[in-house]
Each structure stands twice: as C-alpha cells, then as structure tokens.
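What follows is each chain in one-letter form.
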Amino acid sequence: MILRLLFVSTSVGPLGSGMGGGVELTINNLAHSLLLRGHQVQVVAPSGSKLFEVPVINIEGQLQVSAQHQSRGTPIELPGNSVLSNMWAYAHQVQANFDLIVNFAYDWLPLYLTPFFRTPVAHLISMGSLTDAMDQVIQRALVQFPQCIAVHTYSQAQTFAFAEQCHILGNGFDLSLYDFCAEPAAGLAWLGRIAPEKALEDAVKAAEQSGLPLQVLGHLQDQDYFDQTLSQFPGAQVDYRGFLPTDQMQRILRQCQALLVTPRWVEAFGNVVIEALACGVPVIAYRRGGPAEIVRDGETGWLVEPDSVEGLVDAIANLSKIDRAACRQQAEQDYSLTALGDRAEQWFAKVLQQA
Ligand code: UDP
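In this report, the structure presented in the accompanying data block is examined. (Residues numbered from 1 in each chain as written. Predicted model: local features only at pLDDT ≥ 70, side-chain atom pairs only at ≥ 80, totals over all residues. Heavy atoms only, no water.)

## Some thoughts on the overall build of the protein
Part 1 of the reasoning: Helix and strand content of the protein: 13 helices and 13 strands.
Part 2 of the reasoning: Relative to the globule expectation of 20 Å for 355 residues, the C-alpha radius of gyration of the protein, 20 Å, shows essentially globular dimensions.
Part 3 of the reasoning: Along the three orthogonal principal directions, the C-alpha set of the protein runs to about 60 × 40 × 35 Å.
Part 4 of the reasoning: Looking at the 355 residues of the protein, the share that counts as buried comes to 59%.
Part 5 of the reasoning: Carbon and sulfur atoms form 49% of the exposed surface of the protein, whose accessible area is close to 14200 Å².
Part 6 of the reasoning: Averaged over its 21 positive side-chain charges, the protein has a centre that lies 4 Å from the centre of its 35 negative ones. (Helix = DSSP H or I, 4+ residues; strand = E, 2+ residues; numbered from the N terminus. Rg over C-alpha atoms; globule rule 2.2 N^0.38 Å. Buried < 20%, exposed > 50% of the residue type's maximum accessible area, 1.4 Å probe, protein only. Areas by Shrake-Rupley, 256 points an atom, 1.4 Å probe, with all protein chains shown as cover. Lys, Arg positive; Asp, Glu negative; His and termini not counted. Charge placed at Lys NZ, Arg CZ, Asp CG, Glu CD.)

Spelled out as structure tokens, the structure:
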C-alpha cells in the first residue's frame, strides 16, 4: 500500500545546519528510502531547512533548547512563538491529507499530543533516556498506542523502562554517496557535534600519543569546550575542517586510517560509524551504546573499554589487522536504504494496524 507520510523534524535547528545532529541525515535517508518505494513524503521543519532530495515546508518560530544537556528533573520548557508548537499546529491542520505522521523531535509536546490527532502519529526517538518528563510522556503514549515508538538500537532501548515495546529501526544510508578507499593516508578522523558528551578530548589525546594527525569534522556546538580541549593537548595535530556536506565530508573521511568514536553517553546509533564503514574506514569505538552494537570487533574495527585512551592507542596500533573491504561490506549488508525501507515499512504497518 502506498502511504502518504508527513515527517515532522527536530525543533532544535534547521535541517542542513548540523544543529540537529544525526537526526538531520536520518530524516533525509528515511524519506529517500520511502520515496524509492513509491510512498509520498512531505517534510515539515524549522525555517532555513534544506534536504538533499525532498522538498521541505519551512515553519517560523523560536528553536527548542537541545535536551542533551538537561538533568533528569528538568521541567519541560517552551519558548514564546515556539517552532515546535508551530510545526505541530501545522501538522494538526493538514493531518487529513496523510495516512501517518512521523515525529523526529526528542520533545515532550508531540508525544503528549498523540491521542489528540485523528491521523496516527509514530515517533522515532533519537536519544536514550535523559529526563523523567520525557520517559513518562513516551510511556503514556505507549499505553494507548503500543506500536508507536521506534528507536535506533537495542542499547538505546535498554536505557528506557519500556525497552521491550520499542521497534528497532537501525538506520540506512545512500551508500552510493560514499566512495571506498583502499589506501588511506596517515591520519585519523573524528566526526560529530563538538560537545562534552562526545568526548573529543579522548580522541585528541589518543591521536597525540600515536603521533598521528586528527581530522575533526562537525557542528561546533560548544566553542569553550573545543578551545579547552585543544589547549589541553598542545602537541596534538588537530585539523578542524568545519561542518561539511556529505560529499565533502566523505572525501576527507575515506582517506583516514580509522574513525575514533569516543562518546561518554549512550550514543543512540552513531550515523558516523556507518558513514566511515561505507568508505572502508575501520571504526575504533568505546564498547558502549549504538556503536558497540554495530562495530564487529577485530573485523570492521576495534571495541575498546569505555573511557580508556590507552585502549584507543592500542587499537590504533592494530589497525593493519582490519580489512577495509570488510568494512564497506558490512555497511552494504545491514545499512542500505533498502534495509532501512524494509524495517520502516514493517514498523508503519504495525502502527497503522493498531489505529
Ligand atoms: N556530519 C556532517 N558533516 C560533518 C560532520 C558530521 O554532515 O562535517 C553529520 C554526520 O553525517 C552525522 C551527524 O553529523 O549524521 C552526526 O550524527 P551522529 O549520529 O554521529 O551524532 P549526534 O550528533 O546525533 O549525537
């Protein structure tokens, strides 16, 4: 059955800005995978948004503060003229034109509103458990709509009390956008939002100790944190390239010996892990969260004891044991747009059955 789908984006930044982290690419890839199957997809997002292939309805309003840095008891906050509430007012207005609405925002409001919509609403939750208020509102939505929640990985699901009820969507990528590189240059890569929960400092320290340059790419969310990290390791050769579009990003990434993934928090998935594998770049990651579920230890990278810089340095010394072709192969097998589209269609069918 062909579905008419309305995707409502994250409220923390326009698509294409990097402020939304991995969610931005996820929306693009999910939309792309479903369009390839003949479904209709309309995306609603904060003004200034651009996607690679899908037209976007831009909505004005103040951005939401990102949930990543809140403590468990933080109450729900909405700014005046909130883009989040404006996007959901729009969705409410046009709901009759769609079979299903898919929410990508890690926000309380869309979960709370779920029973007030006539069109079913499904939620792709992009982070692990962070605040009590969010956990409660997700749980409340699940009571009435037991199929409405999907997450990216089992590790992410396990951070919630309702892990068993979550669909596991993984993620998927247009692998034709990532070129395989068999012969890297000397050097390592680190990709992502530059913010404390991503622990860039561990990667910088490991690169310094290994005597290798480190290419850093991603949205600079916390300038003070970045300055502090660089001043801590004056001997490190860090080359910050900014936040680049996928094509330019992968040109740099593919030439690196490995991607270092060093999060302090339970990373829900780690899009950058698959992007590296797709280029044939092995991934050295802490054994924590989504990346630990993806990387095949000793085959497509190395999993290292969490927070151990020594472990990272050892793994870097053992990179020659990893076959770069096996990395690309893993991305093709499990993380193509086809694989994502299959999983999404199965989830949507369950949501629609329950409606
Ligand atoms: N990214 C990018 N350009 C860059 C660096 C990163 O487009 O120069 C994107 C990358 O493709 C990924 C996102 O930034 O989709 C980071 O997402 P990830 O899932 O790794 O972490 P999050 O920021 O969501 O915690």
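## Side note on helix α8 (residues 246-253)
Part 1 of the reasoning: Residues of α8 that are buried include every one of Thr 246, Met 249, Gln 250, Ile 252 and Leu 253, and no others. Angularly, the buried residues of α8 cover 160° about the axis, an arc narrow enough to put them on a single face.
Part 2 of the reasoning: Each element contacted by the buried residues of α8 is listed here: α1 (22-35), β8 (188-191), β9 (214-217), β11 (258-261) and α9 (271-278). (Arc of directions from axis to C-beta. Contact = heavy atoms within 4.5 Å.)

## Things to note about the site of the ligand
Part 1 of the reasoning: The full set close to the ligand counts 17 residues, and Gly 22, Arg 193, Lys 198, Leu 244 and Glu 275 are the nearest of them.
Part 2 of the reasoning: A distance of 2.6 Å separates an oxygen atom of the ligand from a polar atom in the backbone of Gly 22.
Part 3 of the reasoning: At a separation of 2.8 Å, an oxygen atom of the ligand approaches a polar side-chain atom of Arg 193.
Part 4 of the reasoning: Bound to the protein, the ligand loses 91% of the 540 Å² it would expose on its own.
Part 5 of the reasoning: Looking at the shell around the ligand, the elements with two or more residues in it are α1 and α9.
Part 6 of the reasoning: Counting residues per element, the shell around the ligand draws most heavily on α9, which supplies three residues.
Part 7 of the reasoning: Of the residues in the shell around the ligand, the class split is seven nonpolar, six polar and four charged. (Near = heavy atom within 4 Å. Polar contact = N/O pair within 3.5 Å; in protein donor to acceptor, adjacent residues only side chain to side chain. Nonpolar A, V, L, I, M, F, W, Y, C, P; charged D, E, K, R; others polar.)

## Side note on the pattern of salt bridges
Pairing between side chains of opposite charge can happen when their charged atoms approach one another.
Part 1 of the reasoning: Evaluation of the coordinates by the stated rule reveals 18 salt bridges.
Part 2 of the reasoning: The shortest N-O distance in the salt bridge between Arg 4 and Asp 99 comes to 3.0 Å. Within this pair, whereas Arg 4 is found in strand β1 (residues 4-8), its partner Asp 99 is found in the loop between α2 (83-94) and β4 (100-103), the two being separated by 95 residues in sequence.
Part 3 of the reasoning: Put simply, Glu 201, Asp 202, Arg 264, Arg 288 and Asp 307 are held in one network by salt bridges that share partners. (Salt bridge = Lys/Arg side-chain N within 4 Å of Asp/Glu carboxyl O.)

## Some points on the side chain of Ser 66
Part 1 of the reasoning: Here Ser 66 lies in the loop between β3 (56-59) and α2.
Part 2 of the reasoning: Separated by 2.6 Å, the side chains of Ser 66 and Gln 68 make a polar contact.
Part 3 of the reasoning: Once residues within four sequence positions are removed from consideration, Ser 66 is found in contact with Val 12 and Gln 221.

## Observations concerning the environment of Leu 142
Part 1 of the reasoning: As for its placement among the helices and strands, Leu 142 is situated in helix α4 (residues 132-144).
Part 2 of the reasoning: Each C-alpha atom of the pair Leu 142 and Gln 165 lies 7.9 Å from the other, and the pair is 23 residues apart in sequence.

## Let's talk about the sheet that holds β11
Part 1 of the reasoning: Pairing within the open sheet is parallel, and its six strands lie in the order β10-β9-β8-β11-β12-β13. Each having just a single partner strand, β10 (238-240) and β13 (301-304) make up the two edges of the open sheet. Strand after strand, the sheet turns through a mean of 20° between neighbouring axes, direction not considered.
Part 2 of the reasoning: As paired elements, β8 and β11 share two bridges and run parallel to each other. Residue pairing for β11: Leu 188 is matched across the bridge by Ala 258.
Part 3 of the reasoning: Packing against the sheet, helix α11 (residues 309-317) makes contact with β8, β11, β12 (283-286) and β13, and its axis sits at approximately 160° to β12. (Pairing = 2+ DSSP bridges. Axes fitted to C-alpha atoms, helices over the stretch in contact; angles between N-to-C directions.)

## What to know about the packing of α9 against helix α12 (residues 324-334)
Part 1 of the reasoning: In contact at an axis separation of 7 Å, α9 and α12 are set at 125° when each is read in the N-to-C sense. In terms of axis orientation, α9 runs oblique to α12. Touching Ile 274, Leu 277 and Ala 278 of α9 are Cys 327, Arg 328, Gln 330 and Ala 331, all from α12.
Part 2 of the reasoning: Split into classes, the residues belonging to the contact of α9 with α12 amount to five nonpolar, one polar and one charged. (Parallel < 35°, antiparallel > 145°, perpendicular 65-115°, else oblique.)

## What about the packing of aromatic side chains?
Part 1 of the reasoning: A full pass over the atoms with the stated rule returns eight aromatic pairs.
Part 2 of the reasoning: Centre to centre, the rings of Phe 160 and Phe 162 are 4.8 Å apart; their planes meet at 20°, and the pair counts as stacked.
Part 3 of the reasoning: Each ring, one from Phe 226 and one from Tyr 240, has its centre 5.2 Å from the other, and the planes form 65°; the classification is edge-to-face. Of this pair, Phe 226 sits in helix α7 (residues 223-232) while Tyr 240 is found in strand β10, placing the two residues 14 residues apart along the sequence.
Part 4 of the reasoning: One aromatic cluster is present, formed by Trp 108, Tyr 112 and Phe 116 through successive ring pairs. (Phe/Tyr/Trp six-rings, centres within 6.5 Å; stacked < 30°, edge-to-face > 60°.)

## Side note on the sheet that holds strand β2 (residues 40-46)
Part 1 of the reasoning: The seven strands are arranged β3-β2-β1-β4-β5-β6-β7 in an open sheet whose pairing can be described as parallel. At either end of the open sheet lies a strand with only one pairing partner, and these are β3 and β7 (167-168).
Part 2 of the reasoning: Across two bridges, the pairing between strand β5 (residues 121-124) and strand β6 (residues 149-151) is parallel. Residue His 123 lies in a different strand from β6, and its bridge partner there is Ile 149.
Part 3 of the reasoning: Set on the sheet, α1 makes contact with β1, β2 and β5; between it and β1 the angle comes to about 175°.

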